Amino acid sequence: MPVTPVAKTDNQPLHLSRVARSTPGIELTIIVPTFNERDNVEPLIERLGAVLKDVEWEVVYVDDDSPDGTAAKIREVSRWNSRVRCVQRIGRRGLSTAVIEGMLASSAPYLAVIDADLQHDETLLPRMLDTLKAQSLDVVVATRYGDGGGIGDWNRRRAALSNAATWLARSVVAAELTDPMSGFFVMTRPAFEQAVRRLSGQGFKILLDLFASTPTPYRFAEVPYTFRNRSRGESKLDSLALWEYLMLLVDKLAGRWVPVRFVLFAAVGAGGLVVHLLTLRIALMGVSFPIAQTIATVTAMTSNFVVNNAFTYRDRRLHGMRFLTGLLSFFAICSIGAVANVRLASAVFERNYAWWISGLAGAAASVVWNYAVTSVFTWRGR
Ligand SMILES: Nc1nc2c(ncn2[C@@H]2O[C@H](COP(=O)(O)OP(=O)(O)O)[C@@H](O)[C@H]2O)c(=O)[nH]1
Ligand SMILES: [Mg+2]
């Protein structure tokens, strides 16, 4: 049977039988993560259809079971437009993992990511794809900060926050990206695949995650654009998003060796030591040592619990009654940790190790115990 090339991803034409090439394959998949974007679905699809004339494209929406019925809206549109698909995730949230799963649900050689809310200038897509192909790049990023770009009328606080986050991103990405926080880019499938198993998936900065995870640096170009204002729906960027961003950075810096949460938990523990000593010093002015030490221990444990609840477990934060039962379980678990700490430290000391080695061994054992057990009992994941 004669064979002809049908799709070119790189220089290798793909040879398939006539049966297999009855309809042309999709060349570009546009991944759109959504949470409560029902009213933006139709306008975006209309705009994509208007600009993507010379390419076989599809759009894969990845919706986290939005209560406003976004998924139903997408399916309604897809009954009339076969370029539209919907991946609906239940009991899950997260922009980065949504994008990753959208990419995995696609077979196209080129992948684009764009927000659902029309803030990204979709008319750039053809140019971004052409640039990617013409220069044999891995990624083309739309940037708000290059010459000719802009951030629309963001308030000063948000602009400053974004600047600070961009600056911090430099700690994990060597590439000279002007806008590593951009959520609008086009990449090749091989570029995605080489990073996919190393991605953190944490938070909402998937581009940064990709650049920080790729084993060989990406060849990339940037295209400036002006961020539009949202006309429908609400921004989901809140303080949780900020926390997730910091978790992504810590994960990229230290995650290869230890879990991010453990790093935070241990840091909070170290802070607790300072609280303990300060409280002890103050309490000693009024009461005897054993009482002062008891007050200091309870104070430090309580403050550690509060800080861990607010930061380390920001995403599983306990409120109301669960805050109280959580506090009690934290006390109980840390008390066992403290006993183990003293026992181990004493045993090491008896074997003639230096006092500080013995002390550190005990402290390390209790922090590992406290972390491991409270993560299961106090801050149970869903
Ligand atoms: N699937 C999914 N999409 C999300 C989630 N959070 C935000 N999005 C989508 O990600 C895009 C960017 O979010 P947005 O709130 O507009 O962020 P902003 O532009 O930085 O204010 C939008 O299309 C949102 O609907 C999420 O948890 N899951
Ligand atoms: Mg937005």
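This is a predicted model, so every value here is computed, not measured.

**Student:** Can you walk me through the site of ligand 1 in this structure?
**Tutor:** Neighbouring ligand 1 are 20 residues, the closest being Glu37, Asp64, Arg93, Ser235 and Lys236. Within the side chain of Glu37, one N or O atom sits 2.5 Å away from an oxygen atom of ligand 1. Within the side chain of Arg93, an N or O atom sits 2.6 Å from an oxygen atom of ligand 1. Protein burial of ligand 1: of its 570 Å² of free accessible surface, 93% is covered by the chains. Broken down by secondary-structure element, the contributors of at least two residues to the shell around ligand 1 are β3 (28-34) and α3 (95-104). Grouping the amino acids of the shell around ligand 1 by side-chain chemistry returns eight nonpolar, four polar and eight charged.

**Student:** Where do I start with the coordination of the magnesium ion (ligand 2) in this structure?
**Tutor:** Ideal values for angles at a metal depend on the geometry: 109.5 degrees with four tetrahedral donors, 90 or 180 degrees with six octahedral donors. Around the magnesium ion (ligand 2), the protein contributes the donor atoms Asp117 (OD) and Gln119 (OE1), at 1.9 Å from the metal centre. For Gln119, a relative accessible area of 11% gives the class buried.

**Student:** How should I be thinking about the packing of helix α9 (residues 260-283) against helix α10 (residues 289-312) in this particular structure?
**Tutor:** Axes are the key here: two packed helices are described by the angle between their axes and the distance separating the axes. The contact between α9 and α10 brings their axes to 8 Å, and the two run at 150 degrees. In terms of axis orientation, α9 runs roughly antiparallel to α10. As α9 runs across α10, the sense of the crossing is right-handed.

**Student:** Looking at this structure, I do not really get the sheet that holds strand β9 (residues 220-224). What am I missing?
**Tutor:** Within a sheet, each strand pairs with its neighbour through backbone hydrogen bonds, oriented either parallel or antiparallel. The seven strands lie next to each other as β5-β4-β3-β6-β8-β7-β9, forming an open sheet whose pairing is mixed. Strands with a single pairing partner mark the edges of an open sheet, and in this sheet they are β5 (84-88) and β9. Across the sheet, the mean angle from the axis of one strand to that of its neighbour is 20 degrees, orientation sign disregarded. Here strand β7 (residues 139-143) pairs with strand β8 (residues 185-188) via three bridges, running antiparallel. Paired with Val139 across the two strands is Met187, which belongs to β8. The sheet strands contacting helix α4 (residues 125-134) are β3, β6 (110-113), β7, β8 and β9, and the helix crosses β8 at an angle near 35 degrees.

**Student:** Got a minute to help me understand the pattern of salt bridges in this structure?
**Tutor:** Close approach of charged atoms lets side chains of opposite charge pair. Under the defined criterion, the tally for this structure stands at 19 salt bridges. Note that Glu27 and Lys133 form a salt bridge whose closest N and O atoms lie 2.9 Å from each other. Placement of Glu27 in the loop between β2 (13-16) and β3 and of Lys133 in helix α4 is noted, with a sequence separation of 106 residues between them. Between Arg219 and Asp138 there is a salt bridge; the shortest N-O distance is 3.2 Å. With Arg219 in the loop between α7 (206-213) and β9 and Asp138 in the loop between α4 and β7, this residue pair connects regions lying 81 residues apart in the sequence. Three or more residues are tied together by salt bridges with common partners; here these are Arg47, Asp121, Glu122 and Arg228.

**Student:** What is the right way to read the pairing of β3 from this model?
**Tutor:** Across the seven residues that make up β3, a large majority, seven, are buried. Where burial is concerned, the two faces of β3 agree: the one with Leu28, Ile30, Val32 and Thr34 and the one with Thr29, Ile31 and Pro33 are both buried. Bridge count for β3 against strand β4 (residues 57-63) is seven bridges, and the pairing is parallel. Bridging from a neighbouring strand, Ile31 pairs with Val60 of β4. In this region the chain leaves β3, passes through helix α1 (residues 38-51) and returns to the parallel neighbour β4; the handedness of that crossover is right-handed. Pairing geometry for β3 and β6, over four bridges, is parallel. When the bridges of β6 are listed, Thr29 appears paired with Leu111.

**Student:** What should I look at first to understand a nonpolar patch on the surface in this one?
**Tutor:** A cluster of nonpolar side chains, contributed by Phe349, Tyr353, Trp355, Trp356, Ile357 and Leu360, occupies part of the molecular surface with about 730 Å² of accessible area. Ranked by the residues each element gives to the nonpolar patch, the list is headed by helix α12 (residues 355-377), at four residues. Considering the arrangement of structural elements, one finds Tyr353 in the loop between α11 (320-350) and α12. For Tyr353, a relative accessible area of 46% gives the class partly exposed.

**Student:** For this particular structure, what's the right way to read unusual backbone geometry?
**Tutor:** Excluding glycine, a negative phi dihedral is what most residues carry, and trans is how most peptide bonds are arranged. Of note, Asn36 is a non-glycine position whose phi angle comes to about 55 degrees, a positive value. Along the chain, Asn36 turns up in the loop between β3 and α1.

Cut-offs applied
Every residue gets a number counted from 1 within its own chain, in the order that chain's sequence is written. Here the convention is simple: chains get letters from A, ligands get numbers from 1, in the order in which they are written. Whole-chain, interface and lining totals are the exception, using all residues; otherwise, since this is a predicted model, local features are given only for residues with pLDDT of at least 70 and side-chain atom pairs are given and counted only at 80 or more. Hydrogens and waters are ignored; side-chain quantities use all the structure's heavy atoms. It suffices for a single heavy atom of a residue to lie within 4 Å of a molecule or strand for the residue to be listed as near it. As used in this structure description, the phrase polar contact means that two N or O atoms lie within 3.5 Å; if the pair is within protein, one of them must be able to donate a hydrogen and the other to accept it, and residues adjacent in sequence are counted only when both atoms belong to side chains. The accessible surface values rely on the Shrake-Rupley method and a 1.4 Å probe; as for residues, cover is taken only from the protein chains in view. Strands are runs of DSSP state E lasting at least two residues, helices are runs of H or I lasting at least four, and both sets are numbered from the N terminus onward. Note on residue categories: nonpolar means Ala, Val, Leu, Ile, Met, Phe, Trp, Tyr, Cys or Pro, charged means Asp, Glu, Lys or Arg, and polar means any other residue, Gly included. Donor atoms (N, O, S) are those found within 2.8 Å of the metal centre, with the cutoff raised to 3.2 Å for Na, K and Ca; water is not part of the atom list, so apparent gaps in a site can occur. A simple rule labels every residue: compare its accessible area, found with a 1.4 Å probe on the protein chains alone, to the largest value its type can have, and call it buried under 20%, exposed over 50%, or partly exposed in between. Throughout, an axis means a line fitted to C-alpha atoms (over the contacting stretch in the case of helices), and angles, computed between N-to-C directions, take values from 0 to 180 degrees. Working definition: roughly parallel below 35 degrees, roughly antiparallel above 145 degrees, roughly perpendicular at 65 to 115 degrees, and oblique for all remaining angles. Put simply, a crossing is left-handed when the front helix is turned counterclockwise from the back one by less than a right angle, and right-handed when it is turned clockwise. Being paired, for any two strands, means DSSP has found at least two bridges between them. Any pair of residues with heavy atoms lying within 4.5 Å of one another is described as a contacting pair. Here, a salt bridge means any Lys or Arg side-chain nitrogen found within 4 Å of an Asp or Glu carboxyl oxygen. The handedness of a crossover follows from its direction of travel: if, with the strands pointing away from the viewer, the path from the first strand over the helix to the second runs clockwise, the crossover is right-handed. Residues enter patches when they are more than 30% accessible in relative terms and free of salt bridges; like-charged ones are connected within 9 Å and nonpolar ones (Val, Leu, Ile, Met, Phe, Trp, Tyr) within 5 Å.

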